[in-house]
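Residue-level listing of the chains:
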Amino acid sequence: ARTPIKGFYLAGGSVHPGAGVPMATLNHWLDAFVERQGQNEVDSAARRTIALADYRIGRAVTMLDDLAARGVAACRADHLDALRVANLSFGAIKELSIIAPDGSDICSDLGSAHGERVVLASQSVTARPDAVLELIRIGETTKFIRVRRPALAGDNTLAALIPADLLVPRTSSR
């Protein structure tokens, strides 16, 4: 069609949208669905991780409570035997030990302590102010969570070592 402006023309017609609009809608819906599914999987994995860590740490605290109630507080042969028997009852704990007030290991169910132990961080257990969680490093790279609670007799504390990587489950995307 001609217009009053010289050299300017208008063309008319229609185009069928084909699959463009429905496909864009479907694509948007699928993106939102995949995002929700991914978030649900992340939330579920986080809940499992927290439950696993809570269970293992709680079990260690309960074990230390039992040892303290039985009077374990020194490196006597019967106390070391009690540590050894207790350690066999829960596979996540790699060592039970008695720690001096200055923080040094006095003895453990494994015998003497191997490698220098460096406390990297320390935090009281919220529900149990007498219990402490410590992130420790033994040697150059091996990290453990050490759960400590006071013995009922004397100034020593009882401790359980849990490898840090046992508190976080190994997962894969498939």
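Residues numbered from 1 in each chain as written. Predicted model: local features only at pLDDT ≥ 70, side-chain atom pairs only at ≥ 80, totals over all residues. Heavy atoms only, no water.

Chemist: Honestly, a nonpolar patch on the surface in this entry has me stumped. Any pointers?
Modeler: Together, Trp29, Leu30, Phe33 and Val34 make up an exposed nonpolar region whose accessible area comes to about 390 Å². Residue position: Val34 is located in helix α1 (residues 20–69). Relative accessible area serves as the criterion here: at 55%, Val34 is assigned to the exposed category. (Patch = residues over 30% accessible without salt bridge, like charges linked within 9 Å, V, L, I, M, F, W, Y side chains within 5 Å. Areas by Shrake-Rupley, 256 points an atom, 1.4 Å probe, with all protein chains shown as cover. Salt bridge = Lys/Arg side-chain N within 4 Å of Asp/Glu carboxyl O. Helix = DSSP H or I, 4+ residues; strand = E, 2+ residues; numbered from the N terminus. Buried < 20%, exposed > 50% of the residue type's maximum accessible area, 1.4 Å probe, protein only.)

Chemist: Is there a simple way to think about the pairing of strand β4 (residues 128–138) in this case?
Modeler: Taken residue by residue, a regular strand's side chains alternate between the two faces of the sheet. Pairing of strand β3 (residues 117–125) with β4 involves eight bridges; the strand directions are antiparallel. In the strand pairing of β4, Gln123 is matched with Leu133. Hairpin connection from β3 to β4: two residues lie between these consecutive antiparallel strands. Bridging between β4 and strand β5 (residues 142–150) involves seven bridges; their strand directions are antiparallel. (Pairing = 2+ DSSP bridges.)

Chemist: Looking at this structure, I do not really get the pattern of salt bridges. What am I missing?
Modeler: Close approach of charged atoms allows side chains of opposite charge to pair. One pass over the structure, following the stated rule, counts 12 salt bridges. Connected through shared salt-bridge partners, Glu95, Asp105, Arg117, Glu134, Arg146 and Arg148 make up one network.

Chemist: It is not clear to me how the state of the cysteines should be interpreted in this structure. Could you clarify?
Modeler: Cysteine pairs can be covalently joined through their sulfur atoms, and such a bond is termed a disulfide. Taken as a whole, this structure holds one disulfide when the rule is applied. Between the sulfur atoms of Cys75 and its disulfide mate Cys107 the distance is 2.0 Å. For the disulfide bridge between Cys75 and Cys107, the dihedral angle about the S-S bond is near -95°, and by the sign convention the bridge is left-handed. Placement of Cys75 in the loop between α1 and α2 (77–88) and of Cys107 in strand β2 (residues 105–108) is noted, with a sequence separation of 32 residues between them. (Disulfide = S-S within 2.5 Å.)

Chemist: Help me understand the sheet that holds β3, please; the structure alone is not making it clear to me.
Modeler: Within a sheet, each strand pairs with its neighbour through backbone hydrogen bonds, oriented either parallel or antiparallel. Spatially, β2-β1-β6-β5-β4-β3 is the arrangement adopted by the six strands of the open sheet, whose pairing is antiparallel. Both outer strands of the open sheet, β2 and β3, are each paired with one neighbouring strand and no more. Taken over all neighbouring pairs, the strand axes of this sheet differ in orientation by 30° on average, direction set aside. The pairing of strand β1 (residues 95–99) with strand β6 (residues 157–163) spans five bridges and is classified as antiparallel. Bridged to Ile99 within β6 is Thr157. The strands that α2 touches are β1 and β2; relative to β1, the one it contacts most, it runs at about 150°. (Axes fitted to C-alpha atoms, helices over the stretch in contact; angles between N-to-C directions. Contact = heavy atoms within 4.5 Å.)

Chemist: So what exactly am I meant to see when it comes to the packing of aromatic side chains here?
Modeler: For any two aromatic rings, the description comes down to two numbers: the centre-to-centre distance and the angle of the planes. Counted by the stated rule, this structure contains one aromatic pair. Measuring from ring centre to ring centre gives 6.0 Å for Tyr55 and Phe90, while their planes differ by 85°; the resulting arrangement is edge-to-face. With a gap of 35 residues between them, Tyr55 in helix α1 and Phe90 in the loop between α2 and β1 connect regions that are remote in the sequence. (Phe/Tyr/Trp six-rings, centres within 6.5 Å; stacked < 30°, edge-to-face > 60°.)

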